Amino acid sequence: MVPPAPAILVLEDGRTFRGRSYGASGETFGEAVFSTGMTGYQETLTDPSYHRQVVVMTAPHVGNTGWNDEDDESSKIWVSGYVVRDPARIPSSWRSTRSLESELDRQGVVGISGIDTRALTRHLRERGAMRVGISSTESDAARLLERVRAADQMTGADLSAEVSTPEAYVVPAAGEKRFTVVALDLGIKANTPRMLAARGIETHVLPSTSTLEDVLALEPDGLFCSNGPGDPATADLTTLTGALENGIPYFGICFGNQLFGRALGFGTYKLKYGHRGINQPVMDRTTGKVEVTAHNHGFAVDAPLDRASATPYGEATVSHVCLNDDVVEGLELRDATGKLTAFSVQYHPEAAAGPHDAAYLFDRFVSLMEGGA
């Protein structure tokens, strides 16, 4: 067996790690972020929210269960690069059809293995997420550093259109149809329409550039905005604000939470190193319950935790908060009578693989469309 080629990883502040090529050979650039999940790497890699990011796995041993054809969250791997410490030599799962490395290679994803991912994670946690380059064709760190610093930054990046569906499609309800929902695809994961379908919802998935007229033409019972990559400050809010003005019940997750926050008049900001993993504690302030949740976000909504805020559409409050750092993890909007009309969360209630503590939010959306939330 031919040993893997040497590879190098260089952060934009000059910190350098040398290891072995993993996946495709070549060179790649992106924003270096770390994920704390110990499982679910296939779902992470195929999550469009990771577009233009180089994912560092904090779990030391990755690839044990190989790769299958059932667990993809989209049509391809979206990460720009992949960093692991100790890749599995042989996958071991009855569902596996090939190895993780062979799939990375097949899809042209450049990675690196055999580096101290604990040291790299601590560096990113202290210094913050930053641009990074991985190369198995360049051995000179200084030359690679020049190209890293010339790469695009995540702040100001408008990426939803790059990951959205080019054509509308429909996911039918499972069993009897109860509602019609329009889902704006900002980087939607496959499990979201499945979760909606299980509750009798027919989901019309539309491109991210769809207009309010496109939404209204379908006469939906509700509007859903998905997760997705990029800076929320770059997004056009016309469709969402128009839906709120028309009183359409709304549910958003991740990027959809950030857009909802902006539509309500709040700002957004970039987190130092973000939240990524399937083990993040969040409190639902409306019930007092704590959920273990799946996260993938580098931006957050800047909304007050201690008071309600008046908006053109009603009174907005922070409904969920991260117990690690008090970051806003959810918003809700109520009308003058106190009735819930729209809500969102920053994390992933559709998580697969991952915890399922937050699946009740899809039931809350059903109640909202029934008029009883």
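Given the structure is predicted, the values throughout are model-derived calculations rather than measurements. (Residues numbered from 1 in each chain as written. Predicted model: local features only at pLDDT ≥ 70, side-chain atom pairs only at ≥ 80, totals over all residues. Heavy atoms only, no water.)

Right, let's talk about helix H9 (residues 255–263) for a bit. Side chains of residues three or four places apart in an α-helix project in the same direction, reflecting 3.6 residues per turn. Counted residue by residue, H9 has eight buried out of nine residues, so it is predominantly covered. Listed in full, the buried residues belonging to H9 are Phe255, Gly256, Asn257, Gln258, Leu259, Phe260, Gly261 and Ala263. Positive backbone phi, at 105°, marks glycine 265, one or two positions downstream of H9. (Buried < 20%, exposed > 50% of the residue type's maximum accessible area, 1.4 Å probe, protein only. Helix = DSSP H or I, 4+ residues; strand = E, 2+ residues; numbered from the N terminus.)

For the rest of this paragraph, the subject is unusual backbone geometry. With a phi close to 70°, arginine 52 is a non-glycine residue in the positive phi region. Here arginine 52 lies in the loop between helix H1 (41–45) and strand S4 (53–57). The phi angle at aspartate 326 is positive, at roughly 65°, despite the residue not being glycine. Tracing the backbone shows aspartate 326 in the loop between strand S18 (314–322) and strand S19 (328–334).

A full pass over the atoms with the stated rule returns seven aromatic pairs. Taking 5.1 Å as the distance between ring centres and 40° as the angle between the ring planes, the aromatic pair formed by tyrosine 250 and phenylalanine 260 counts as tilted. Remark: phenylalanine 260 occurs in helix H9 and tyrosine 250 occurs in strand S14 (residues 250–253); sequence separation between them is 10 residues. Residue tyrosine 250 is classed as buried on the basis of its relative accessible area of 1%. Residue class for phenylalanine 260 comes out buried when judged on its relative accessible area of 0%. Ring pairing ties together the aromatic residues Phe224, Phe251, Phe343, Phe362 and Phe365, which thus form one cluster. A cation over a ring is seen here: lysine 270 above phenylalanine 299, with NZ or CZ 5.7 Å from the ring centre. (Phe/Tyr/Trp six-rings, centres within 6.5 Å; stacked < 30°, edge-to-face > 60°. Lys NZ or Arg CZ within 6 Å of the ring centre and 35° of its normal.)

All right, on to a positive patch on the surface then. On the surface, a cluster of positive charge is contributed by Arg118, Arg122, Arg125 and Lys272. No other element matches the three residues that helix H3 (residues 117–127) contributes to the positive patch. Among the structural elements, arginine 125 can be located in helix H3. (Patch = residues over 30% accessible without salt bridge, like charges linked within 9 Å, V, L, I, M, F, W, Y side chains within 5 Å. Areas by Shrake-Rupley, 256 points an atom, 1.4 Å probe, with all protein chains shown as cover. Salt bridge = Lys/Arg side-chain N within 4 Å of Asp/Glu carboxyl O. Lys, Arg positive; Asp, Glu negative; His and termini not counted. Charge placed at Lys NZ, Arg CZ, Asp CG, Glu CD.)

When strand S15 (residues 267–284) meets strand S16 (residues 289–302), the two strands line up antiparallel, connected through 12 bridges. If you follow valine 282 over to S16, its bridge partner there is glutamate 291. Here S15 folds back onto S16, and the loop between the two strands holds four residues, one of which, glycine 288, carries a positive phi near 85°. Taken together, the three bridges between S15 and S18 define a ladder with antiparallel strand orientation. Residue methionine 283 lies in a different strand from S18, and its bridge partner there is valine 321. (Pairing = 2+ DSSP bridges.)

Taken N-terminus to C-terminus, the directions of helix H8 (residues 238–245) and H9 make an angle of 65°; their axes are 10 Å apart at the nearest point. Classified by the angle between their axes, H8 and H9 sit roughly perpendicular to one another. Of the two elements, H8 crosses H9, and the hand of that crossing is right-handed. Where H8 abuts H9, its residues Leu240, Thr241 and Leu244 lie against Leu259, Phe260 and Ala263. For the contact of H8 with H9, a count of residues per class yields five nonpolar, one polar and no charged. (Axes fitted to C-alpha atoms, helices over the stretch in contact; angles between N-to-C directions. Parallel < 35°, antiparallel > 145°, perpendicular 65-115°, else oblique. Left-handed = near helix turned anticlockwise from the far one by under 90°. Contact = heavy atoms within 4.5 Å. Nonpolar A, V, L, I, M, F, W, Y, C, P; charged D, E, K, R; others polar.)

Looking at the secondary structure, you find histidine 123 in helix H3. With relative accessibility at 6%, the residue histidine 123 sits in the buried group. Within polar-contact distance, the side chain of histidine 123 engages the side chain of arginine 15 at 3.1 Å. In this view, histidine 123 contacts Leu11, Asp13, Arg15, Gly128 and Met130; residues no more than four positions away in its chain are not counted. (Polar contact = N/O pair within 3.5 Å; in protein donor to acceptor, adjacent residues only side chain to side chain.)

Strand order in the closed barrel formed by seven strands is S1-S2-S8-S6-S4-S3-S9, and the pairing between neighbours is mixed. On average, each strand axis in the sheet is tilted by 35° relative to the strand beside it, whichever way the strands run. Sheet topology note: the strand S2 (residues 16–23)/strand S8 (residues 110–113) ladder contains four bridges and is antiparallel. Directly across from arginine 20, in S8, lies its bridge partner serine 113. Most of the contacts of helix H4 (residues 141–150) go to strand S1 (residues 6–11), to which it runs at about 50°, and overall it touches S1, S2, strand S3 (27–35) and strand S9 (130–135).

With that settled, consider the side chain of glutamate 73. Here glutamate 73 shows up in the loop between strand S5 (61–62) and strand S6 (81–83). Comment: no salt bridge for buried glutamate 73; closest opposite-charge side chain is arginine 194, at 4.6 Å. One polar contact links the side chain of glutamate 73 to the main-chain amide nitrogen of asparagine 191, over a distance of 3.1 Å. Those residues in contact with glutamate 73, other than ones at most four positions away along the chain, are Glu43, Thr46, Ile188, Lys189, Ala190, Asn191 and Ala352.

Under the criterion given, the structure shown has 23 salt bridges. Here aspartate 140 and arginine 143 are joined by a salt bridge, their closest N and O atoms 3.5 Å apart. The exposure class of aspartate 140 is partly exposed, given its relative accessible area of 28%. Sharing partners across several salt bridges, the network here consists of Glu27, Glu138, Asp140, Arg143 and Arg147.

Counting 30 residues, the largest nonpolar core has Leu223, Leu244, Tyr250, Phe260, Leu264 and Leu331 as the members making the most contacts within it. Counting only elements with at least two residues in this core, the list comes to strand S11 (179–185), helix H7 (212–217), strand S13 (222–225), H8, H9, S18 and S19. If you tally residues by element for this core, the top one is H9, at four residues. Phe251, Val282, Val345 and Phe362 belong to the second largest nonpolar core, which has 24 residues in total. (Core = buried A, V, L, I, M, F, W, Y, C linked by side-chain atoms within 4.5 Å.)

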